[in-house]
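One-letter residues, chain by chain:
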Amino acid sequence: MTQTSLIERLAHRLKMTQSETHHHLKAVTSEWTDQLAREEAFTIPGLGTFRTEIQDTRTRYSPHHDQMLLLPPKVHVRFSPSQSLKDALLEQEGTK
Amino acid sequence: MSRKTTYNEMVQSVAQRAETTQTDADRFMRELVAVVEQTLATGDDIQLAGFGKLEPRFHKARAGRHPQTGETLQIPSHHRAAFKPFKALKDVVNAPFLHLEARPVQPKSNPLLVVRERPEHAGNPPFFIELDENEAAPDSDLIRVRPSPITERQRDTEKN
């Protein structure tokens, strides 16, 4: 589902205009981004937990350069789904 | 990860950013979660511009083990909600390291590693990195005893 169809659906459910919904959705996603940029984790009830993980500097062999390279540290965004979201997916499939 | 933001703090910040009340911000986030849950359950993904994509990812059936009783059991194939960050988000969270680039390391600069040139590869770039016999392995990934396939291929093309 693209962001446009998500906005249409949310606007219909919340009885808001599409531009208002877009404004709200932008506030939500930019707030989530800022939280992760500050390396702060957060949990959204019913959805899951977003957190960041720092991968330290590491040395790896590069087949392209045919030598060992020192790779810079990297921040990964991790997501763990909440139990209710996991259950919703399993119930839909009939595996639970 | 030093700190965890509570849901209430999140609602407050979203309300401030969207210039709305906390009740409205809370209602909006709950509806968003409901739509995400319904969409993922139908097998569709959700794209949040500038943030990332939430998608149901397929996991094939596998044999598992009951953590308490120890008995083996068959875990059926299923879908699990997964998140894939977009480049915009990856760039923002990686901002402190974006100016850094991968740089080559000379194995000799690491006192634990020594390069031994084998007679049959004399004159070629030293791609054999072996541990000094007296030293312990710092990281098993650093040990390379096979010649690089690329170097082999280059050598073959040069010959031809």
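All values reported here derive from a predicted model rather than from experimental measurement.

> I keep staring at the overall build of chain B and nothing clicks. Help me out?
A tally of helices and strands in chain B yields 4 helices and 9 strands. Going from N to C terminus, chain B has its helices and strands arranged as β-α-α-β-β-β-β-β-α-β-β-β-α. The 160 residues of chain B split such that 16% are buried. For chain B, contacts bridging at least 24 residues in sequence account for 22% of all contacts bridging at least 6.

> How should I be thinking about the overall build of chain A in this particular structure?
If you tally the helices and strands in chain A, you get 3 helices and 5 strands. Starting at the N terminus, the α and β elements of chain A follow one another as α-α-β-β-β-β-β-α. For chain A, whose C-alpha radius of gyration is 19 Å, the value lies well above the compact-globule estimate of 12 Å for 96 residues. A buried classification covers 24% of the 96 residues belonging to chain A. Within chain A, contacts between residues separated by at least 24 positions form 31% of all contacts whose residues are at least 6 apart in sequence.

> Help me understand the interface of chain A and chain B, please; the structure alone is not making it clear to me.
Accessible area lost upon the coming together of the parts is a frequently used measure of interface size. Listed as interface residues are 58 residues of chain A and, on the opposing side, 59 residues of chain B. Put simply, the parts of the chain that give the side of chain A that touches chain B at least two residues each are helix 1 (3–14), helix 2 (18–37), strand 1 (40–44), strand 2 (48–55), strand 3 (58–62), strand 4 (67–71), strand 5 (74–81) and helix 3 (83–93) of chain A. Here the residues of the side of chain A that touches chain B are counted per class, giving 30 nonpolar, 17 polar and 11 charged. In this structure, strand 4 of chain A lies alongside strand 7 (residues 103–104) of chain B, joined through 2 bridges in antiparallel fashion. Its bridge partner lying in strand 7 of chain B, A:L70 is registered against B:R103.

> I tried to follow the nonpolar core on my own but got confused; where do I start?
Note that soluble globular proteins tend to have their nonpolar side chains buried in a common cluster. Formed by 33 residues in total, the largest nonpolar core has its most connected members in A:V28, B:V14, B:A25 and B:M29. In terms of residues, this core owes the most to one element, helix 2 (residues 22–41) of chain B, which gives 6 residues. Leaving out residues up to four positions away in the same chain, B:A25 has contacts with B:V11, B:V14, B:A15, B:A18 and B:T20.

> How should I be thinking about the packing of helix 2 of chain A against helix 1 (residues 7–18) of chain B in this particular structure?
Working note: a packed helix pair is described by the angle between its axes plus the distance between those axes. Helix 1 of chain B packs onto helix 2 of chain A with a crossing angle of 130° between their chain directions and a minimal axis gap of 9 Å. The pairing of helix 2 of chain A with helix 1 of chain B is recorded here as oblique in orientation. Seen along the crossing, helix 2 of chain A lies across helix 1 of chain B with a hand that is right-handed. Here A:H23, A:H24, A:A27, A:V28, A:S30 and A:E31 of helix 2 of chain A come into contact with helix 1 of chain B, specifically with B:M10, B:S13, B:V14, B:R17 and B:A18.

> How should the sheet that holds strand 3 of chain A be read in this particular structure?
The 3 strands are arranged 3(A)-4(A)-7(B) in an open sheet whose pairing can be described as antiparallel. Two strands close off the open sheet at either side, each with one partner strand: strand 3 of chain A together with strand 7 of chain B. Taken together, the 5 bridges between strand 3 of chain A and strand 4 of chain A define a ladder with antiparallel strand orientation. Looking at the pairing, A:Y61 lines up with A:M68 of strand 4 of chain A.

> How should the sheet that holds strand 6 (residues 78–85) of chain B be read in this particular structure?
Picture the strands of a sheet paired through backbone hydrogen bonds; they go either parallel or antiparallel. All names here are of chain B. Across the sheet, 3 strands lie side by side as 2-3-6; this open sheet has antiparallel pairing. Every other strand in the sheet has two partners, leaving strand 2 (46–48) and strand 6 as the edge strands with one partner each. Neighbour-to-neighbour, the strand axes of this sheet turn through a mean angle of 30°, independent of strand direction. The pairing of strand 2 with strand 3 (residues 52–59) spans 3 bridges and is classified as antiparallel. Each bridged residue has a counterpart across the sheet, and for Q47 the counterpart in strand 3 is K53.

> How should I be thinking about helix 2 of chain B in this particular structure?
Given 3.6 residues to a turn, an α-helix orients residues that are three or four positions apart in the same direction. In a regular helix each residue adds 1.5 Å, so 20 residues correspond to 28 Å; helix 2 of chain B covers 28 Å between its end C-alpha atoms and thus fits that length. Along helix 2 of chain B, the residues classified as buried are B:A25, B:F28, B:M29, B:L32, B:V36, B:E37 and B:L40.

> Would you mind showing me how to read the confidence of the model for chain B here?
When pLDDT drops low, the exact placement of atoms in the prediction is not to be read closely. All names here are of chain B. Averaged over all residues, the pLDDT of chain B equals 75, while 64% of them reach at least 70. Looking over chain B, one finds the lowest element-wise mean pLDDT in strand 9 (residues 129–131), namely 42, and the highest in strand 6, namely 93. Scored below 50 in pLDDT, residues 124–133 makes 28 contacts in the model with residues more than four places away or belonging to other chains. As a predicted assembly, this complex carries a pTM of 0.73 together with an ipTM value of 0.88.

> Help me understand unusual backbone geometry, please; the structure alone is not making it clear to me.
The phi torsion of most residues other than glycine is negative, and most of the peptide bonds are trans. Its identity as a non-glycine residue notwithstanding, A:E39 has a phi of 60°, on the positive side. Within the secondary structure, A:E39 sits in the loop between helix 2 and strand 1. With 16 C-beta atoms packed within 10 Å, A:E39 lands in the partly exposed category. Of note, the phi angle at B:E19 is positive, near 50°, even though the residue is not glycine. When you line up the elements, B:E19 lands in the loop between helix 1 and helix 2.

Rules and cut-offs
- Residues numbered from 1 in each chain as written.
- Chains lettered and ligands numbered in written order.
- Predicted model: local features only at pLDDT ≥ 70, side-chain atom pairs only at ≥ 80, totals over all residues.
- Helix = DSSP H or I, 4+ residues; strand = E, 2+ residues; numbered from the N terminus.
- Buried ≥ 20, exposed ≤ 12 C-beta atoms within 10 Å, placed from the backbone.
- Contact = placed C-beta atoms within 7 Å.
- Rg over C-alpha atoms; globule rule 2.2 N^0.38 Å.
- Nonpolar A, V, L, I, M, F, W, Y, C, P; charged D, E, K, R; others polar.
- Pairing = 2+ DSSP bridges.
- Core = buried A, V, L, I, M, F, W, Y, C linked by C-beta atoms within 7 Å.
- Axes fitted to C-alpha atoms, helices over the stretch in contact; angles between N-to-C directions.
- Parallel < 35°, antiparallel > 145°, perpendicular 65-115°, else oblique.
- Left-handed = near helix turned anticlockwise from the far one by under 90°.
- Expected span 1.5 Å × (residues − 1).
- pLDDT = per-residue confidence, 0-100.

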